[in-house]
Amino acid sequence: MDLGISGKVVLITGGGGALGTAMASIFAAEGAKIAVVDVNAENAATVAATLTDGGAAACAIGADITDKAQIDQAFSQAEQRLGPIDILVNNAGFSRDSYLTKMDEADWDLVHYTVLKGTFHCCRAALPGMMERRFGRIVNISSMSYLGNAGQTNYSSAKAGLIGMTNALAREAGRFNITVNAIAPGLIVTPRLRARKDFDVLEQRSNATTPMPRLGLPEDCPSSINQPLQ
Ligand SMILES: NC(=O)c1ccc[n+]([C@@H]2O[C@H](COP(=O)([O-])OP(=O)(O)OC[C@H]3O[C@@H](n4cnc5c(N)ncnc54)[C@H](O)[C@@H]3O)[C@@H](O)[C@H]2O)c1
């Protein structure tokens, strides 16, 4: 499929993780250049090496999205190595599940800080150049949990907040020919998910409420962003 993104530069946060890896490989297959950014520098390097082995232009950058200085540096490194960022995928994130009455305050803060403040730092790093060039695509990875799951008050509220942020930023950036969209995947089978003790319960709950009664696969997520760019 030709999405019209050949030669575009994509920066994916959390690119060393399951969904990040799947999205990176789809972008590579489309001829895009990929900056794989992850707090786990080793995983980022492995993903970038696989992409370059396959003939794509890619680089790995270890950076924590909650740290503005690291993110500013990551964007300038990516631009030096691959060129100006055309597409930003805000994918880094995780859950720290617990009922609210038992939740550590630190887990509330960490999930919110990563999902919302991390996305804020990355958008702030990407937008000035996109606005100047009058082109940009920002994709925020939310979650169906934004509708509310017991045990996920921190994650559900952060992912719902991310959708609000997406809608607000889309209205700010649209006049610069920059689109801002969110994807809210359902449960996706990843090694981390499979390792959970409650995997069977989660799978049953997901199958009961999902129109297509099977768990999602990492490669289902990139197919949601298979929208040709104008
Ligand atoms: N797997 C699912 O079922 C599912 C469903 C809906 C949404 N999501 C969302 O998709 C995204 C990716 O999830 P995944 O399943 O691939 O998880 P994953 O754990 O495999 O990947 C997440 C990656 O983000 C990185 N990361 C975490 N904190 C970071 C930080 N502060 N700075 C930079 N990198 C950081 C991790 O090192 C990891 O490589 C997350 O935002 C998650 O909330 C996942």
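Before going into details, it helps to say that this report is about the structure given with it. Keep in mind that this is a model prediction, so the values were computed, not measured.

1. Examining the site of the ligand
Of all residues adjacent to the ligand, which total 28 residues, the nearest are G14, G17, L19, G93 and S143. Looking at the shell around the ligand element by element, the count peaks at three residues for helix 1 (residues 18-29).

2. Some thoughts on the sheet that holds strand 6 (residues 178-183)
Pairing is parallel in the open sheet, where six strands are placed in the order 3-2-1-4-5-6. The open sheet is flanked by strand 3 (58-62) and strand 6, the only strands paired with a single partner. The sheet shows a mean angle of 15° between the axes of neighbouring strands, taken without regard to direction. Packing against the sheet, helix 4 (residues 105-133) makes contact with strand 1 (9-13), strand 4 (87-90), strand 5 (136-141) and strand 6, and its axis sits at approximately 170° to strand 5.

3. Some remarks on the pairing of strand 3
It is a general feature of regular strands that their side chains alternate between the two faces of the sheet. Counted residue by residue, strand 3 has four buried out of five residues, so it is predominantly covered. Strand direction decides the pairing type here: strand 2 (residues 33-38) and strand 3, joined by five bridges, are parallel. Bridged to A35 within strand 3 is C59. Taken together, strand 2, helix 2 (residues 41-53) and strand 3 form a β-α-β motif whose crossover is right-handed.

4. Some thoughts on helix 1
The terminal C-alpha atoms of helix 1 lie 17 Å apart, and with 12 residues this matches the ideal 16 Å at 1.5 Å per residue to within 8%. When we look at burial in helix 1, the residues that qualify are L19, G20, T21, M23, A24, I26, F27 and A28. Among the residues trailing helix 1, G31 stands out with phi positive, at a value near 85°.

5. Some words on the pairing of strand 1
With five of five residues buried, strand 1 is to be regarded as a mostly interior element. What you see with strand 1 is no split at all: V9, L11 and T13 on one side and V10 and I12 on the other are buried throughout. As paired strands, strand 1 and strand 2 are joined by five bridges and run parallel to one another. Looking across to strand 2, one finds that I12 is bridged to V36. This β-α-β element, strand 1 to helix 1 to strand 2, shows right-handed connectivity. In this structure, strand 1 lies alongside strand 4, joined through three bridges in parallel fashion. For L11, the partnering residue across the bridge sits in strand 4 and is L88.

Basis of the calculations
Residues numbered from 1 in each chain as written. Predicted model: local features only at pLDDT ≥ 70, side-chain atom pairs only at ≥ 80, totals over all residues. Near = placed C-beta within 6 Å. Helix = DSSP H or I, 4+ residues; strand = E, 2+ residues; numbered from the N terminus. Pairing = 2+ DSSP bridges. Axes fitted to C-alpha atoms, helices over the stretch in contact; angles between N-to-C directions. Contact = placed C-beta atoms within 7 Å. Buried ≥ 20, exposed ≤ 12 C-beta atoms within 10 Å, placed from the backbone. Right-handed = clockwise from strand over helix to strand, strands pointing away. Expected span 1.5 Å × (residues − 1).

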